[in-house]
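# Descriptive analysis of the structure
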Amino acid sequence: MKVDGEVSIEAPVERHRVYEDGLAILTGTLIVSLGVVIYSKAVLLTGSTAGLALLLQYATGAGFWLVFSLVNLPFYVLAVRRLGWPFALRTFLAISLVSLFSRLTAQWVEFARIDPVYAAVVGGGLMGMGLLVLFRHRTGLGGINILAIYLQEKWGIRAGYFQLAIDLAILAAAVFVLPPANLLLSIIGAAVVNMILAINHKPGRYVGVT
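The following paragraphs examine the structure supplied in this document. All figures in this text were calculated on a predicted structure; none of them were measured in a lab.

### Points about the packing of aromatic side chains
Tallying each qualifying case throughout the model produces two aromatic pairs. When the centroid spacing of 5.1 Å and the interplanar angle of 15 degrees are considered together, the rings of Phe64 and Phe68 count as stacked. Of this pair, Phe64 and Phe68 both sit in helix 3 (residues 64-72), four residues apart, which is roughly one turn of the helix. Across the pair, Phe68 and Phe64 agree in class, each one buried. Ring centres of Phe101 and Trp108 lie 6.4 Å apart, and the angle between their planes is 45 degrees; this geometry places the pair in the tilted category. Looking at Phe101, the relative accessible area reads 9%, which means it is buried. For Trp108, a relative accessible area of 53% corresponds to the exposed category.

### What to know about a nonpolar patch on the surface
Together, Leu23, Leu26, Leu30, Trp108 and Val109 make up an exposed nonpolar region whose accessible area comes to about 450 Å². Broken down by element, the nonpolar patch gets its largest block of residues, three residues, from helix 1 (residues 18-42).

### Concerning the nonpolar core
Counting 38 residues, the largest nonpolar core has Leu44, Leu45, Leu54, Phe64, Phe68 and Leu141 as the members making the most contacts within it. Those elements that place two or more of their residues in this core are helix 1, helix 2 (48-60), helix 3, helix 5 (85-108), helix 6 (116-135), helix 8 (159-174) and helix 9 (180-200). Beyond its immediate chain neighbours, meaning those up to four positions away, Phe68 contacts Thr49, Ala50, Ala53, Ile95, Val98, Ser99 and Leu141. Counting 11 residues, the second largest nonpolar core, distinct from the first, contains Ala79, Leu83, Ala88 and Leu151.

### As for unusual backbone geometry
Residue Val43 is not a glycine yet carries a positive backbone phi of 60 degrees. Summarising the element assignment, Val43 is placed in the loop between helix 1 and helix 2. Of note in this structure, Ser48 is not a glycine but carries a positive phi near 60 degrees. If you trace the backbone, Ser48 turns up in helix 2.

### Comments concerning the environment of Thr29
By secondary structure assignment, the location of Thr29 is in helix 1. Sequence spacing of Thr29 and Ile95 is 66 residues, and the spatial spacing of their C-alpha atoms is 8.0 Å. Apart from residues lying up to four places away in sequence, Thr29 is in contact with Ala94, Leu97, Val98, Phe101 and Leu134. Here Leu26 takes part through its backbone oxygen, which lies 3.1 Å from a polar atom of the side chain of Thr29.

### Considering the side chain of Thr46
In this structure, Thr46 sits in the loop between helix 1 and helix 2. Aside from chain neighbours lying at most four places away, what touches Thr46 is Tyr39, Gly51, Leu54, Met127 and Ile170.

Thresholds, definitions, all that
- Residues numbered from 1 in each chain as written.
- Predicted model: local features only at pLDDT ≥ 70, side-chain atom pairs only at ≥ 80, totals over all residues.
- Heavy atoms only, no water.
- Phe/Tyr/Trp six-rings, centres within 6.5 Å; stacked < 30°, edge-to-face > 60°.
- Helix = DSSP H or I, 4+ residues; strand = E, 2+ residues; numbered from the N terminus.
- Buried < 20%, exposed > 50% of the residue type's maximum accessible area, 1.4 Å probe, protein only.
- Patch = residues over 30% accessible without salt bridge, like charges linked within 9 Å, V, L, I, M, F, W, Y side chains within 5 Å.
- Areas by Shrake-Rupley, 256 points an atom, 1.4 Å probe, with all protein chains shown as cover.
- Salt bridge = Lys/Arg side-chain N within 4 Å of Asp/Glu carboxyl O.
- Core = buried A, V, L, I, M, F, W, Y, C linked by side-chain atoms within 4.5 Å.
- Contact = heavy atoms within 4.5 Å.
- Polar contact = N/O pair within 3.5 Å; in protein donor to acceptor, adjacent residues only side chain to side chain.

Have a look at this one:
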């Protein structure tokens, strides 16, 4: 790399330590869980398996923590086969913690009233920031993401398009469960989540390696 006409030597990439990964997973899942609780209180949806779990919670009355754990179970085998044991174990830990913390957070924090627009923006922002922390420590938080990567590698189906199709299907199913205003706010919240990730999670911007 050249700086002002001089040749500089790039510093070697420093790998994350185990305790740094652990603290990141703990922090990221706590933040995501708070966002999920806000969405649950406002009856909003997000994408991926978290959105599917919220939708099933609204439709059946089952707790998010239980549904979220169950819908992710089939994807762990794919995670091990396609992305390796370290990624699979971190992802399993993150999903388990979100399930646990989402249940406990509802007991730790009580919302007497929350404006739906505020919930969509702030809840989406919290989930986006939590996912950013997890992604930077090579940790996933949804089986649909794993399936998307597998289908892209195995059949050439673009992971982004598949993920978008699943999210659209979840939103389409939500038409029968959520009021139109809540559905619109859910779309706005999803845009907030993806904007945070698109702006802050770019190749080369963060070089931490797990």
